[in-house]
Amino acid sequence: MRQPDRSAPFEAVLLLPAYTDAPTVIATRDEPTQLLVEGVHCANGHFNDPAVPYCQLCGISMAQLTHVTVLGPRPPLGVLLLDDGATFRLDADYVVGREPHRDPAVARGARPLRVTGSASGVSRQHLRITLTGWTVRVVDLGSANGTVLEPPRDPHPRRLEPGVPAEITPGTRVAFGLRWLRYESHRNP
Ligand SMILES: [Zn+2]
């Protein structure tokens with residue numbers, strides 16, 4: 001697998017203030033998905049990712065539980081926080097770009113998250129956020145300026161290989177063009 005290009009000019013723009021001169025538009029299609037996933041209940045009955053040490057709703061320790069998994073409707077995995085302050089509930093896949101509705105994934109149920117601004121460096125279909133079970137992934141859709149992951153407490157941003165999905169953890173910042181979003185969750189470290 002190719003190493004990220006440290007010499008690329010893109011990383012320099014990450015130091016600029018957030019690019020916020022353009023409004024964010026999203027199609028209003030937020031009927032909850034009833035996808036079933038395997039999870040465990042905390043002592044207070046909240047449904048959780050079997051991998052988390054603490055309940056993501058009440059914070060109680062999951063250590064003493066038997067960890068017998070059951071199938072249940074997946075709760076939102078958190079939110080996407082955009083650089084302009086807008087938040088989007090992570091209970092479905094998203095396509096991010098200037099013309100995200102043209103991505104075929106939208107016809108299959110992904111939500112278009114449109115970012116505008118001719119100088120934003122954002123491609124028409126820039127990246128996709130996908131949810132599988134309790135896992136959130138980002139895939140760059142062959143964008144012109146690329147997508148860079150900045151995991152929390154990691155000094156080395158990672159440029160994504162186009163078309164290769166990468167798992168992100170809560171707190172990870174996803175930079176695309178001059179814009180960015182962050183995966184926020186109760187499970188933030
Ligand atoms: Zn709980």
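Residues numbered from 1 in each chain as written. Predicted model: local features only at pLDDT ≥ 70, side-chain atom pairs only at ≥ 80, totals over all residues.

Excluding glycine, residues mostly have negative phi values, and the peptide bonds linking residues are mostly trans. Phi at arginine 153 is positive, roughly 60°, even though this residue is not glycine. Secondary-structure assignment places arginine 153 in the loop between strand S11 (147–150) and strand S12 (158–159). (Helix = DSSP H or I, 4+ residues; strand = E, 2+ residues; numbered from the N terminus.)

This paragraph deals with the confidence of the model for the protein chain. Averaged over all residues, the pLDDT of the protein chain equals 83, while 80% of them reach at least 70. Predicted confidence for residues 4–33 stays below pLDDT 50, and this span has 46 contacts to residues more than four positions away or in other chains. (pLDDT = per-residue confidence, 0-100. Contact = placed C-beta atoms within 7 Å.)

As paired strands, strand S2 (residues 36–41) and strand S4 (residues 70–73) are joined by four bridges and run antiparallel to one another. Pairing of valine 37 across the sheet is with glycine 72, part of S4. In this structure, S2 lies alongside strand S3 (residues 47–48), joined through two bridges in antiparallel fashion. Bridged to histidine 41 within S3 is phenylalanine 47. Linking S2 back to S3 in an antiparallel pair, the connection comprises five residues, with glycine 45 at a positive phi of about 85°. (Pairing = 2+ DSSP bridges.)

Moving on to the nonpolar core. Ranked by internal contacts, the top residues of the largest apolar core, which has 23 residues, are Tyr94, Val96, Val138, Val174 and Phe176. Apart from the residues within four sequence positions on either side, valine 174 is in contact with Val138, Thr147, Leu149, Ile168, Trp180 and Leu181. (Core = buried A, V, L, I, M, F, W, Y, C linked by C-beta atoms within 7 Å. Buried ≥ 20, exposed ≤ 12 C-beta atoms within 10 Å, placed from the backbone.)

Below, the discussion takes up the sheet that holds S3. One open sheet holds the three strands; their spatial order is S3-S2-S4, and the pairing between them is antiparallel. Edge strands, defined here as strands with exactly one partner in the open sheet, are S3 and S4.

Our next topic: the environment of leucine 131. Its location among the elements puts leucine 131 in strand S9 (residues 127–132). Judged by the 20 C-beta atoms lying within 10 Å of it, leucine 131 falls in the buried class. Along the backbone, leucine 131 and leucine 77 are 54 residues apart, and their C-alpha atoms lie at a distance of 8.5 Å. Among residues more than four places away in sequence, those in contact with leucine 131 are Leu77, Leu90, Asp93 and Val136.

This brings us to the pairing of S9. Sheet topology note: the strand S7 (residues 94–97)/S9 ladder contains three bridges and is antiparallel. Directly across from valine 96, in S9, lies its bridge partner leucine 127. With six bridges joining them, S9 and strand S10 (residues 135–140) adopt antiparallel strand pairing. The residue of S10 that forms the bridge with arginine 128 is valine 139. Here S9 folds back onto S10 in antiparallel fashion, the turn holding two residues, of which glycine 133 has a positive phi close to 60°.

Take leucine 81: it is sitting in strand S5 (residues 79–82). Since 16 C-beta atoms lie within 10 Å of it, leucine 81 is described here as partly exposed. Taking C-alpha positions, leucine 81 is 6.7 Å from glutamate 184, a pair spaced 103 residues apart along the chain. Sequence-distant contacts of leucine 81, defined by excluding residues within four places in its chain, comprise Thr87, Leu181, Arg182 and Glu184.

The next thing to look at is the environment of leucine 181. Tracing the backbone shows leucine 181 in strand S15 (residues 179–184). On a C-alpha basis, the gap between leucine 181 and leucine 82 in space is 4.3 Å, while along the polypeptide they are 99 residues apart. Excluding its chain neighbours within four sequence positions, the residues that come into contact with leucine 181 are Leu80, Leu81, Leu82, Asp83 and Val174.

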